[in-house]
Amino acid sequence: MGRTNRAAMAAVAFVCIGLSLTGCKQHQSALVKETSIPTVVQKNGHYALMVDGAPFLMLGVQANNSSNYPSALPQVWPALDQIGANTLEIPVAWEQVEPQEGQFDFSWLDTLLSQARQHDKRLVLLWFGAYKNTGPSYAPQWVQTNKARFPKLINAQGKPLGVLSPHSPALLEADKTAFVAFMTHLKAADPERTVILVQVENEVGTYKSVRDYSPEAQKLFDGPVPDMLAKGLGKAPGTWKVVFGKDADESFHAWSFAHYVEEVAKVGKAVYPLPMYVNVALRDPNKEQDPLTYASGGPTWNVLDIYHLTAPSIFTAAPDIYGHDYVGNSGQIRQYTRPNNPLMVVEIGSSTDLARYFYAVLGNGGLGFAPFGLDLTGYSNYPLGAKTVDAPALEIFARNFKLVSPLMREWAKLAYESKVYGVAEPDDHSAQTIALGKWQAKIQYQQWQFGLPEWNLIKDKNDIPEGTASPSGGVSIAQLGPDEYLVIGYHARATFALSDAASKEMVYQHVEEGHYKDGKWIMDRVWNGDEIDYGLNFTQPRVLRVKLTAY
Ligand code: DGJ
């Protein structure tokens, strides 16, 4: 239970002592009504996920796929506590809640809700419906095995693939029915708003076929592009081939899935309007790629506008980041941070090299960050993620989350109302410059806390601070005032300077190390002398407030 709810329920208990049962119930429902439904808001291109009426930063963990049973939960919560996560992302699978058609069982959801409250965690529920990593593995058996009623997608050679056709009205109807039942149950079972987001399907798209070539799909493909889509993209009306040219097949498939997802999300939101999103099996962010080599039709960056126009019930497409190279991962962060697509990293590999992207995600106004598979069930998705999920694997994610956890509300508010910046360490440890307007910050890595690299006092290139041999650093900066910044970081040095150093000189007017408690900044000490003469060194994870003066 969140702090607000706990306080509210404590107040109810107190008031109820002196009331009749009816009066007490009325009072309780009045209080429950006050708990606002989470929502995503946008102002001047900045986004916030509002939870309990205030901006919230999701410090998440996604459980392993098969951790969605009560027996696994005792191995899930301790990992969240060790990391300092405030949110668990976990599947609610169609096969689990509707094993026989029309017979629903939401006992899993009830167990999950009650344990999440006991453990003081929020939930993001992943609706594993007809599509999981593009395949139907989480659809109930009565769906998977009834080929006549739920046809498969047909490839260009006329062969069925192991993927359900998004053009099957029967499939869409059945998925919608189950999703509505799920959202109806959730609405009734969660007046406390333990659940803050719902993911609709999991990694839609199709490997090994650019689109569906079934007769139903072909008929639509030969027809006109929906007016709303052509207009929204600023294109003249026409068939898919005329409007999209060489990209017609993939664009059509993106529309097919966006339409499917929209239909499911729309009916669910009509029942209970929680914010909903889709996750993405990614393609190369930096260059063209043959759609036969990735999940075509999924919300890859090249078709994001088709998704946003076709699926307005979905507020963002959230990348699943599993690459290990800096240029690729920075490219994904860039592609999924758009005025119409707030960044939210709902899956990132659990290997330690990916932890540092947390700082870049915060700096791009990310609504959340969730390493995948960090539970203690004994399963690991190596070589995508960590080889074993144990204390050392959790440690580096924990350091970052524990640094930000006490100020997550303040950070989320600053990202919404002010300006934020952030970088992760490049693979080659090279320095970066963050442009802040009047000011700039140079970020360096593998530096000791004292001295300048150009002194050349250290001859051994392996003589670097412990733990920095592999890239692990990052810095995030939020603007507090014209010359004042909140700076957080780890394994990095940040040196501030005037962007135009020619006209004036500068000093660090005041550097405070401190922490936030109950929304208030508590100053622990002032940094001066050696601690600021060579930049601000984040050998340990630190939170600083930095005031600069130009003279
Ligand atoms: C991305 C999917 O969304 C996850 O459910 C999982 O299958 C990972 N890939 C791989 O572990």
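Everything numeric in this text was worked out from a predicted model, so none of it was measured. (Residues numbered from 1 in each chain as written. Predicted model: local features only at pLDDT ≥ 70, side-chain atom pairs only at ≥ 80, totals over all residues. Heavy atoms only, no water.)

**Looking at the pattern of salt bridges**
Link 1 in the chain: Tallied over the entire structure, the rule returns 21 salt bridges.
Link 2 in the chain: Between Lys176 and Glu173 there is a salt bridge whose closest N-O contact spans 3.6 Å. Of this pair, Lys176 and Glu173 both sit in helix α7 (residues 169–189), three residues apart, roughly one helical turn.
Link 3 in the chain: Members of the salt-bridge network, linked through shared partners, are Glu173, Lys176, Glu263 and Lys266. (Salt bridge = Lys/Arg side-chain N within 4 Å of Asp/Glu carboxyl O. Helix = DSSP H or I, 4+ residues; strand = E, 2+ residues; numbered from the N terminus.)

**A short note on the confidence of the model for the chain**
Link 1 in the chain: Averaged over every residue, the pLDDT of the chain is 94; the share at 70 or more is 94%.
Link 2 in the chain: Element-level pLDDT for the chain is lowest in helix α1 (residues 3–16), with a mean of 37, against a maximum mean of 99 in strand β10 (residues 276–280).
Link 3 in the chain: For residues 1–34, every residue scores under 50 in pLDDT, and the model assigns this stretch 23 contacts once sequence neighbours within four places are set aside. (pLDDT = per-residue confidence, 0-100. Contact = heavy atoms within 4.5 Å.)

**Description of the packing of aromatic side chains**
Link 1 in the chain: Taken as a whole and assessed by the stated rule, the structure comprises 26 aromatic pairs.
Link 2 in the chain: Look at Phe450 and Trp455: their rings are 6.1 Å apart centre to centre, the planes differ by 70 degrees, and that puts the pair in the edge-to-face class.
Link 3 in the chain: You can call Trp455 partly exposed: its relative accessible area is 38%.
Link 4 in the chain: Residue classification places Phe450 among the partly exposed residues on the basis of a relative accessible area of 47%.
Link 5 in the chain: One aromatic cluster is present, formed by Phe221, Trp240, Phe244, Phe252 and Trp255 through successive ring pairs.
Link 6 in the chain: One cation-aromatic arrangement involves Lys43 over Tyr416; the distance from NZ or CZ to the ring centre is 4.6 Å.
Link 7 in the chain: For Arg211, the ring lying beneath its charged end belongs to Phe221, and the centroid distance is 3.8 Å. (Phe/Tyr/Trp six-rings, centres within 6.5 Å; stacked < 30°, edge-to-face > 60°. Buried < 20%, exposed > 50% of the residue type's maximum accessible area, 1.4 Å probe, protein only. Lys NZ or Arg CZ within 6 Å of the ring centre and 35° of its normal.)

**As for the nonpolar core**
Link 1 in the chain: By size, the foremost hydrophobic cluster in this structure holds 137 residues, and its most contacted members are Trp94, Leu123, Leu125, Phe182, Leu186 and Trp411.
Link 2 in the chain: By residue number, the principal contributor to this core is helix α11 (residues 248–271), which donates ten residues.
Link 3 in the chain: Taken together, domain 2 (35–407) and domain 3 (424–550) each give at least three residues to this core, which thus spans both.
Link 4 in the chain: Ranked by size, the runner-up nonpolar core spans 25 residues in total, among them Ile443, Val487, Leu536 and Leu548. (Core = buried A, V, L, I, M, F, W, Y, C linked by side-chain atoms within 4.5 Å. Domains from an automatic or database assignment.)

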